[in-house]
Structures are given as C-alpha cells and as structure tokens.
Amino acid sequence: MKLGIIVNERSGSVPEDGRAQLEAFISEEGHEPLLPADLEGSLEEQVESLNAAKCDAIAVWGGDGTICAVLQTANGKVPVLVLPGGTMNLLPKRLHNDELDWKKIVHNVLKNPQPGWISAGEVDGQRFYVAALFGQLTHIGASREAVREGAILEAVSILTDRDALAIESNILIEVDQKDGMRDCPATAAAVIPSESDGLEIAVIAPDNHLDLAASAMDTLARGWRESAHFHAEGATAIRMRHAEGKAIPATIDGEPCEPGETLSICYIQKAACVLVAGGEA
C-alpha cells in the first residue's frame, strides 16, 4: 500500500521527529510511505499533493483540528487513517476502540485495512465528526476539558458556585425533525451526528441558578441526554441565532471558535472515508 503521510509536529502529543518516526514505521510494516511535495504547505495543499501522487490512503497524525481539516479536504476521495496526536483525541478514540498507541493502531490497521464511512454535521461549511458545542460555556477555561469531551452539564456543575456563567438563554434554536419543527431558547447546546439518522441535539435552558445546579447534579447521576431541558434525535437541520446579534461561541470537535451570530447546521451521512482495522468504523 502506498500510504501518504501528514503530520502536525506542533500537536500536543506528536514528537518533534514524528514525521520521520511514522515514515520509518510504515516502511517496517512493509508499506510505502509517501510525503507531500511541500511539507510546509497548508493541510489542503498537502492532501491535494498526496492525491495527485495517487496514494492508496492518507495517515494523518495530529490533533482533532488537524484531523478534521484533512478529512474535510479528502472528502471521501481517499481513505484516511487517523492517529492520536492531540490532547483530547476524540475521533481516534472512537475509531480505534480507545487505543491511543499510534504504533499499535498503524500495525493493526495495516494488517487488515478496511475502509468505512463516517457521518458528520456541518456548521456553515465547517464539518464536525464527533460533536459541536455552542454557548458561552465553551469559552470558560476552568471547564474546558469537560466541554471538549461533550459533558456540557458536568462543566456547568463546576461553574455553578463561581458565578462565572450567565444563565440567560440568549441562543434561539430551530430544529427540523421528521414530525415537524421545534423551536426553543438555549443557554448551551450540544449537537452530535449519528451514523444513520440525522443530528442529535441536547439543549440546556435553565430558569435560574438553582435549576442549573439541579440539572448539573442530575447529569452526574443519569447522563447529559436525560438531564437536558430539550433533547431530540434524527434532526435533519438545525438553525441558531443569538438574540442580541452577537457571535455564538462554539467548540467544534475540540477546537474553540466563533462561527457567527446566525448558524445553519446540516447532516451529512457519508462525510468521510476512514481506514480502520478489519471491521466497521
């Protein structure tokens, strides 16, 4: 197999010589490593270079942001082997059964490589493969780790006694479902793409700090889906806007951003082709 290599050596857990290590290990496994023509080019340019060289697959080693950019640029044209090189490693954990040893992943996948499709949500052109989180909560550093893992209400529980989170439900959300449209206000929301049935959304819209604290405690006992003030599955599209015309803070697959004051989220069932070890993705 001719395996293209894209490595972000600035990512959290990728060593300084990560590209050289990955190249050598792929050769040891009996496959041909292929580097982009310009190692300093953008991720998009590197993917295009490897596609032009007719690689059979691309191995990307970096954080969630790097992985998402490569998957979106590859756009299903070539399978992508994702390797954990960041802090959260959300997608690699999901695809490789929580394995985080990159050498074990490469060995197991190349021993019996199987391509498979994964779904995604898309926020105004930016795709997410694990989860997108919206609301002021995503900008609070003390709860960032919980937010980036999708545990919104657990993050809220950290903040309820610090007066660090405004509870105003200033995000207005419209959810298109198979049985009609639902609209609701929100303080924070999580959106997750399912593998076959649209978008899942969980909304937090507390009336007061006591309600916020109760929801936070409830999620620790029963889980954030059951504790959300509104929860729906199978949504075909979601629209959000800020009541005061401000940019809506977001964390998209672990990367904080502010995509805008009005957002449109759609579902893509076959969004990326990934390479996994002998089974379904």
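Residues numbered from 1 in each chain as written. Predicted model: local features only at pLDDT ≥ 70, side-chain atom pairs only at ≥ 80, totals over all residues. Heavy atoms only, no water.

### Regarding helix H1 (residues 18–28)
Selection criterion: Per-residue accessibility, obtained with a 1.4 Å probe over protein chains only, is compared with the maximum for each type, and a residue is labelled buried under 20%, exposed over 50%, and partly exposed between these values. Put simply, DSSP marks the helices as runs of H or I at least four residues long and the strands as runs of E at least two long, and each gets a number from the N terminus on. The arc refers to the directions leading from the helix axis to the C-beta atoms. By definition in these notes, contact holds between two residues if any of their heavy atoms fall within 4.5 Å.
Along H1, the residues that are buried comprise Gly 18, Arg 19, Leu 22, Phe 25 and Ile 26. One side of H1 carries all its buried residues, which in axial view fall inside an arc of 135°. Among the structural elements, strand S1 (2–7), strand S2 (32–34), strand S3 (57–62), strand S4 (80–84) and helix H5 (102–111) are those in contact with the buried residues of H1. One or two positions beyond H1, positive phi appears at Gly 30, with a value near 90°.

### Here's the deal with the sheet that holds strand S10 (residues 188–193)
Operational definition: By this definition, two strands are paired if DSSP reports at least two bridges between them. Lines fitted to C-alpha atoms define the axes, with helix axes restricted to the stretch in contact, and inter-axis angles between N-to-C directions lie between 0 and 180 degrees.
With antiparallel pairing, the six strands of this open sheet are ordered in space as S12-S11-S10-S7-S14-S15. A strand with exactly one partner marks an edge of an open sheet, and here the two such strands are strand S12 (230–235) and strand S15 (255–257). Pairs of neighbouring strands in the sheet enclose a mean axial angle of 15°, with direction left out of account.

### Things to note about the confidence of the model for the chain
Convention followed: Values of pLDDT, ranging from 0 to 100, describe the predictor's confidence in every residue of the model.
Residues with a pLDDT of 70 or more make up 80% of the chain, whose mean pLDDT is 84. Counting contacts from residues 159–164, a segment whose pLDDT is below 50, to residues more than four positions away or on other chains yields ten contacts.

### Remarks on unusual backbone geometry
Even without a glycine there, the phi angle at Asn 97 is positive, about 55°. Among the structural elements, Asn 97 can be located in the loop between helix H4 (90–95) and H5. Among the residues examined, Asn 97 registers a relative accessible area of 71% and is labelled exposed. Its identity as a non-glycine residue notwithstanding, Asp 98 has a phi of 70°, on the positive side.

### Things to note about the pattern of salt bridges
This is how the line gets drawn: Counted as salt bridges are all cases of a side-chain nitrogen of Lys or Arg within 4 Å of a carboxyl oxygen of Asp or Glu.
In total, this model carries seven salt bridges according to the counting rule given. Residues Glu 195 and Arg 94 are paired through a salt bridge, measuring 2.2 Å at the closest nitrogen-oxygen approach. Taken together, the residues span a long stretch of sequence, with Glu 195 in the loop between S10 and strand S11 (199–204) and Arg 94 in helix H4 at a distance of 101 residues. Residue Glu 195 is classed as partly exposed on the basis of its relative accessible area, which comes to 38%. Since its relative accessible area comes to 33%, Arg 94 is described here as partly exposed. The salt bridge partner of Glu 174 is Arg 239, with a shortest N-O separation of 3.0 Å. Here the residue Glu 174 occupies a position in strand S8 (residues 171–177), and Arg 239 occupies one in strand S13 (residues 237–242), the gap between them amounting to 65 residues. Judged by its relative accessible area of 31%, Glu 174 is partly exposed. Put simply, Glu 174, Asp 176 and Arg 239 are held in one network by salt bridges that share partners.

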